[in-house]
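Chain by chain, the residues:
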Amino acid sequence: MRSDGGTAADGLVDALFEQAGVGLCLVSAAGKVVRTNPEWLRVTGHLADEAIGREVAELLPWDRALTRALCEPLAAGERRELPRRPRIVNGREAWWEGRVTAVPLEGGTGRLLALRDVTAEAAPGPGRDGARYRRLFDELREHVLIYTVVRDGAGRVLDWVLSDANREALRLLGAPLQEVTGRRASELFGADVIADVLEASREVMTSGRGSSFERRFAWDGRHYLTSLFPLDHWHLVQAGVDTTERVAAEEALRAEDRRKSEFIAMLSHELRNPLAPVRTALAVLDRAVPGGPEATRAREVIRRQSDHLSRLVDDLLDVTRVAHGKIQLRRERVDLAALARQTAADHADLLAAHGVALRIDGGHAPLHVDGDPTRLAQAIGNLLANAEKFTHGGGSVTVALRREADRALLSISDDGEGIDPALLPRLFVPFVQADGGLDRARGGLGLGLYLVRSLVELHGGSVEVTSAGAGRGAQFTLALPLAAEDAPRAEPRRDPLALGRPRRVLVIEDNADAAEMLRDLLSGAAHEVAVAPDGRAGIALARATRPDLVLCDIGLPLVDGYEVARALRGDPELATTLLVALSGYALPDDVEKAARAGFDRHLAKPVSLEDLGAVLAASARGA
């Protein structure tokens, strides 16, 4: 093939060569590039100056099929077809197909290499199937990336070059499609980050079978469920969905389950602790002289441990009420300063017994808030008990009160053990405790601070905790909105059981001690009280005495409390009698079940004087 003779034929050959729609490259018998046309340079991404005089294998080192075809002995006119394959040209994927033809040249038989660009019809991905396929591709909730694999001479996958990506994948990459196509995955994500996935892709491309796995990716710190599958020999699809929230939720559930198991074990320990001295004290009372010092000490032990058990049960019930939104606040105008001083005084002896000094700072001027004094005192008491628990003998606890704008601030600080910074974010979570030792020396269920926060938030306030770390003490600050200056003042407290007119009360209770104590309590307030030991006797006594109020246990022998309620509600003579369930079963489902049976009210044991007074006041004396 000659083009240097200057004839018209030579000129025609030159024109055809230069303007051909396929890429043409003339290679000498020695394997050097003699001439190329513009299309070949465009298709291969080379410049004429860098191509002329070099070997094709040097210009296109990764195309082994082309190299073999150029080196294979061919007679003039003989040719070899080149299979359609992808190549990376100037950072972008291009698909070629072509032919190598042996041609006679001066000095031997050369090769004419013809390459045709078929990218538009051969490239995989949504782009080739039009706008409809693209829209479907982009609407997928999973991120999908299509890669062309980069292989070494042995066919081993070394990297991937991004060919296409849907909208979700581009959101993940944080760049438009035109900025990321043609770039290697190791460049986009980092070689270290994709190392494990690259190894998985080698297995996928070798076996031809897809693979799925879930892992945390270091490049953005999030969890993904990722699937890899081969599209063809040269293309790999990676699809994935962000599972970070699901993984976090599962871990939270596992942590909650661990806390629940720990709590059950802790509850068993905490209930057994007070029961042991009670049983011992009862044995002492059996042997002690009535009224003697041993008997007195035993009664004190029983009283203290009973109070402790009552507090544990109250905390459990309060947590349930908070969780179900069942806490009822009895609001009135309360002087928070006076309430805090009184609550601190109630805890002074306990603090002093442990060698802890109590100081009160401020609080001389009233700090009126709109709140429930019982619940606020409970919150303050829990904070004081917490301070006492973690302050050693010789330490101090300070209660400080002040006004800040339209808020009343109460802080309780100590110079005790302090709080690990890692624990601070979880300090108000139920069942979380700083004391995790096997000896459980400080006791408690890990509910006190949770109740503090819940009760304060119900009042429209907030609680914050600060600590400089282990051994540096801690400070809890409670903030409540101040009441309006013209808010009505609370009436003086009075005995909740003392009413203008005595009531006729029937107590149906199989626990003889509890029944007798209720009888004594109500009789002392001038009410007429009858007691029945079981449900059957209770029904008969109610029909005989027609009481104003029935206080009925649920777990009764012979006939349970629900049957008692249904029987009494079916008696027209007892239509005005107030039926009150008095039970240790106090979950929301229990309250609803009692109401369906016919009870007007439900009170959880142990019953406060205020609750007992409320049902007495609600009952009307019959004729």
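Relevant structure appears above.
What counts as what
- Residues numbered from 1 in each chain as written.
- Predicted model: local features only at pLDDT ≥ 70, side-chain atom pairs only at ≥ 80, totals over all residues.
- Heavy atoms only, no water.
- Axes fitted to C-alpha atoms, helices over the stretch in contact; angles between N-to-C directions.
- Helix = DSSP H or I, 4+ residues; strand = E, 2+ residues; numbered from the N terminus.
- Parallel < 35°, antiparallel > 145°, perpendicular 65-115°, else oblique.
- Left-handed = near helix turned anticlockwise from the far one by under 90°.
- Contact = heavy atoms within 4.5 Å.
- Nonpolar A, V, L, I, M, F, W, Y, C, P; charged D, E, K, R; others polar.
- Phe/Tyr/Trp six-rings, centres within 6.5 Å; stacked < 30°, edge-to-face > 60°.
- Buried < 20%, exposed > 50% of the residue type's maximum accessible area, 1.4 Å probe, protein only.
- Pairing = 2+ DSSP bridges.
- Core = buried A, V, L, I, M, F, W, Y, C linked by side-chain atoms within 4.5 Å.
- Polar contact = N/O pair within 3.5 Å; in protein donor to acceptor, adjacent residues only side chain to side chain.
- Salt bridge = Lys/Arg side-chain N within 4 Å of Asp/Glu carboxyl O.

(A) Fine view of the packing of helix H18 (residues 535–545) against helix H19 (residues 561–569). Running from amino to carboxyl end, H18 crosses H19 at an angle of 25 degrees, the nearest separation of the two axes being 9 Å. Taken together, the axes of H18 and H19 lie roughly parallel to each other. Considering only the axes of H18 and H19, their crossing is right-handed. Listed contacts from H19 to Gly535, Ile539, Ala542 and Arg543 of H18 are Val564, Ala567 and Leu568. For the contact of H18 with H19, a count of residues per class yields 5 nonpolar, 1 polar and 1 charged.

(B) Up close: the packing of aromatic side chains. Summed over all chains, the structure comprises 1 aromatic pair. With 4.9 Å between their ring centres and 40 degrees between their planes, Tyr147 and Trp160 make a pair best called tilted. Here the residue Tyr147 occupies a position in strand E6 (residues 143–151), and Trp160 occupies one in strand E7 (residues 157–165), the gap between them amounting to 13 residues. Given the relative accessible area of 0%, Tyr147 is considered buried.

(C) Just the pairing of strand E2 (residues 33–36), in detail. Note that strand E1 (residues 23–27) and E2 share 3 bridges and pair antiparallel. Within E2, the residue paired with Cys25 across the bridge is Thr36.

(D) Quick look at the sheet that holds E7. Read from one edge to the other, the open sheet built from 5 strands follows the order E7-E6-E10-E9-E8, with strand pairing classed as antiparallel. Because the sheet does not close on itself, it has two edges, and the strands there are E7 and strand E8 (211–216). The mean angle between the axes of side-by-side strands here comes to 30 degrees, regardless of whether they run parallel or antiparallel. Where E6 and E7 come together, 7 bridges link them in antiparallel fashion. Counted as the bridge partner of Tyr147 is Leu162 from E7. In this fold helix H11 (residues 191–207) packs onto E6, E7, E8, strand E9 (223–230) and strand E10 (235–242), with an angle of close to 90 degrees to the strand it touches most, E7.

(E) Looking closely at the nonpolar core. In this structure, Leu336, Ile380, Leu410, Ile412, Leu427 and Phe476 are the most contacted members of the largest nonpolar core, which totals 35 residues. If you list the elements that add at least two residues to this core, you get helix H14 (336–353), helix H15 (373–389), strand E14 (396–404), strand E15 (407–414), helix H16 (448–458), strand E16 (462–466) and strand E17 (474–481). Excluding anything up to four places from it in sequence, Ile380 contacts Leu336, Leu339, Ala340, Thr343, Leu410 and Ile412. Among the nonpolar cores identified, the runner-up in size contains 28 residues, and Ile194, Phe213, Phe217 and Trp234 belong to it.

(F) The side chain of Thr148, seen in detail. Among the structural elements, Thr148 can be located in strand E6. Looking at Thr148, its side chain comes within polar contact range of the side chain of Ser163, at 2.8 Å.

(G) Focus on the packing of H15 against H16. The geometry of H15 relative to H16 is characterised by a closest axis approach of 9 Å and an angle of 145 degrees between their N-to-C directions. Remark: the crossing between H15 and H16 carries left-handed chirality. Contact residues: H15 offers Arg375, Gln378, Ala379, Asn382, Leu383 and Asn386, while H16 offers Gly448, Leu449, Leu451, Val452, Leu455 and Val456. Considering only residue class, the contact of H15 with H16 consists of 7 nonpolar, 4 polar and 1 charged.

(H) Molecular detail of the sheet that holds strand E20 (residues 549–552). Strand order in the open sheet made by the 5 strands is E19-E18-E20-E21-E22, with parallel pairing throughout. Looking at which strands have only one partner, the edges of the open sheet turn out to be strand E19 (528–532) and strand E22 (601–604). With direction set aside, neighbouring strand axes in the sheet form an average angle of 20 degrees. When strand E18 (residues 504–508) meets E20, the two strands line up parallel, connected through 4 bridges. Bridge pairing links Ile508 to Cys552 in E20. Each of E18 and E19 touches H18; the most contacted strand, E18, lies at about 170 degrees to it.

(I) Spatial organisation of the pattern of salt bridges. In total, this model carries 33 salt bridges according to the counting rule given. Two residues, Glu168 and Arg171, come together in a salt bridge whose shortest N-O distance is 2.6 Å. Pair noted here: Glu168 and Arg171 are both in helix H8 (residues 167–173), with a separation of 3 residues, about one helical turn. Among the residues examined, Arg171 registers a relative accessible area of 53% and is labelled exposed. Here the salt bridges share partners, and the residues they tie into one network are Asp14, Glu18 and Arg35.

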